[in-house]
Structure formats: structure tokens, C-alpha cells
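Commentary on secondary and tertiary structure
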Amino acid sequence: MKPLTVPGTLDALGAIANYTIAATQKAGLEKETAYNLRLAVDEIVTNIITHGYISTNCTGEVYIQAILDEDTLTIQIEDTAIAYDPTRKPAPRDLTLPLEQRQVGGLGVFLAIQGVDRFVYERANGRNRNRLIVKRRKCDGEMG
């Protein structure tokens, strides 16, 4: 699919959601897989915009590209915000506690990473690159 470039603002979330939905439909993903991927993309992009751009008083763009092959759909998200590796954030340890006893924040990134088959982060040439990869399931002998 053709890449999408949007301003690093919260107003861009709708366009990114539509792009992700189109990619999941083109890949023929199962509903649950498509839903989890869309939520994961939304969480990662929301964090880029709010923590990488807005809270640092910086501006920039978010680049998103769907890469489809026979076995997987990869959504690659790039930005020029400050370096942030979501995989370095420890998993919440208080998931079994009642909500009022849990620490605020951090659950979204954890769920985003858990919601895809593979998550890869790298920092290169002043850019963050997040890759969210899901497997395409075979149904009735077809990709789907």
C-alpha cells in the first residue's frame, strides 16, 4: 500500500485509523486480529503525538506504511520525535490488583505490544521506527 504522511497532531488519528482499517481489510485479517492491530497502532501513534510532539513543544509528522506479504501484515510507523523505545518499558506488575490500587499509565503500550504477533523498535537516522507485525491466517486453504 502507498504510505501515509500526516501531521503529528491528534487530528491525524482518524486518517491513521482509516489507513490501518484499509490495510487489515486488504490483508484479509480475522476480525479480532484486525481490531487488535488497529488498537495497537492507535496507542503507539497517540503516544508519539502526545509525548513525542505535544508535551515537548515540538512539531513533526507521522509516517505510516502497510507492508503486505504472503504471511504477514506489517504496519511501520516512523516519527522524528525524541527517541522512545516502547519495548524498554517494563510490563505492569499490578495487573491482578483492583483498578483503584493500580499505577496510572503504561498499560496501553503493554497491551499494544501484546496485541500483535511481533513488535520491533529501532532508532535510525534521527527517527523512531515501530513495526507492528501480525500473521495472516489461512482459512479453507486460502489466505485470510
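Let me sum up the structure you'll find in this document. (Residues numbered from 1 in each chain as written. Predicted model: local features only at pLDDT ≥ 70, side-chain atom pairs only at ≥ 80, totals over all residues. Heavy atoms only, no water.)

1. Notes on the overall build of the protein
Rules: Every helix listed is a DSSP run of H or I at least four residues long, and every strand listed is a run of E at least two residues long, numbered separately from the N terminus. Residue exposure (1.4 Å probe, protein chains only): buried if accessible area is under 20% of the type maximum, exposed if over 50%, otherwise partly exposed. Between two residues, a contact is recorded if the distance between any of their heavy atoms is within 4.5 Å. Per-residue and other accessible areas were derived by the Shrake-Rupley procedure at a 1.4 Å probe size, with only the shown protein chains allowed to occlude residues.
Along the backbone of the protein there are three helices and seven strands. Here the protein holds 144 residues, and the buried ones make up 36% of them. Relative to all contacts within the protein whose residues are 6 or more apart in sequence, the contacts with residues 24 or more apart total 62%. Surface summary for the protein: the accessible area is close to 8600 Å², and the carbon and sulfur share equals 50%.

2. Observations regarding the pattern of salt bridges
Basically, it comes down to this: Salt-bridge detection follows one rule: a side-chain nitrogen of Lys or Arg within 4 Å of a carboxyl oxygen of Asp or Glu.
All chains considered together, the criterion is met by five salt bridges. Among the ionic contacts, a cluster of salt bridges with common partners joins Glu78, Glu122, Arg127, Arg129 and Arg131.

3. Focus on helix α2 (residues 31-54)
Under the convention used in this document: Expected span of a helix, by definition, is 1.5 Å for each gap between consecutive residues, and there is one gap fewer than residues.
Between its first and last C-alpha, α2 extends 32 Å over 24 residues, near the 34 Å set by a 1.5 Å rise per residue. Within α2, the full set of buried residues consists of Thr33, Ala34, Leu37, Ala40, Val41, Ile44, Val45, Asn47, Ile48, Ile49, Gly52 and Tyr53.

4. A short note on the packing of aromatic side chains
Quick note on the threshold: To pair, rings of Phe, Tyr and Trp, with the six-membered ring standing in for Trp, must have centres within 6.5 Å; the planes then decide the type, stacked if under 30 degrees apart, edge-to-face if over 60, and tilted in the middle. As a reminder, the over-ring test applies to NZ of lysine and CZ of arginine, requiring each to be within 6 Å of the ring centre and within 35 degrees of the ring normal.
Taken as a whole and judged by the stated rule, the model has zero aromatic pairs. It is Arg127 that lies over the ring of Tyr63; its NZ or CZ is 4.1 Å from the centre.

5. Here's the deal with the sheet that holds strand β1 (residues 4-7)
To keep things clear, this is the line we draw: If DSSP finds at least two bridges between two strands, the strands pair. For helices, the fitted axis covers only the stretch in contact; all axes are lines through C-alpha atoms, and the angles between them, taken along N-to-C directions, range from 0 to 180 degrees.
Pairing is antiparallel across the open sheet formed by five strands, whose spatial order is β1-β2-β3-β5-β4. Whereas interior strands pair on both sides, the edge strands pair on one side only; in this sheet they are β1 and β4 (118-124). Each strand of the sheet is rotated relative to its neighbour by a mean of 15°, with strand direction disregarded. Pairing of β1 with strand β2 (residues 61-68), which is carried by four bridges, proceeds in the antiparallel orientation. By the bridge assignment, Val6 is partnered in β2 with Val62. The sheet contacts of helix α1 (residues 13-27) involve β1, β2 and β3 (72-79), and relative to β2 the element is tilted by about 5°.

6. A few points about α1
With 15 residues, α1 extends 21 Å between its outermost C-alpha atoms, agreeing within 8% with the 21 Å of an ideal straight helix rising 1.5 Å per residue. Where α1 is buried, its residues touch β1, α2, β2 and β3. Immediately downstream of α1, the backbone of Gly28 shows phi near 70°, a positive value.

7. What about the pairing of β3?
Within β3, eight of the eight residues are buried, which leaves the element mostly enclosed by the surrounding structure. The alternating pattern of β3 places Thr72, Thr74, Gln76 and Glu78 and Leu73, Ile75, Ile77 and Asp79 on opposite faces, both of which are buried. Note: β2 against β3, seven bridges, orientation antiparallel. Of the residues in β3, the one forming a bridge with Leu68 is Leu73.

8. With respect to the packing of α1 against α2
For clarity, the threshold we go by: Angles below 35 degrees are treated as roughly parallel, those above 145 as roughly antiparallel, those between 65 and 115 as roughly perpendicular, and all remaining angles as oblique. Helix crossings get a hand from a simple test, with the near helix turned counterclockwise from the far one by less than a right angle marking a left-handed crossing and a clockwise turn marking a right-handed one.
At a minimum axis distance of 10 Å, the contact between α1 and α2 shows a crossing angle of 150°. Classed by the angle they form, the pair α1 and α2 counts as roughly antiparallel. Of the two elements, α1 crosses α2, and the hand of that crossing is right-handed. Where α1 approaches α2, its residues Leu13, Ile16, Ala17, Thr20, Ile21 and Thr24 are matched on the opposing element by Ala34, Leu37, Arg38, Val41, Asp42, Val45, Thr46 and Ile49.

All we've got here are geometric facts, nothing functional implied.
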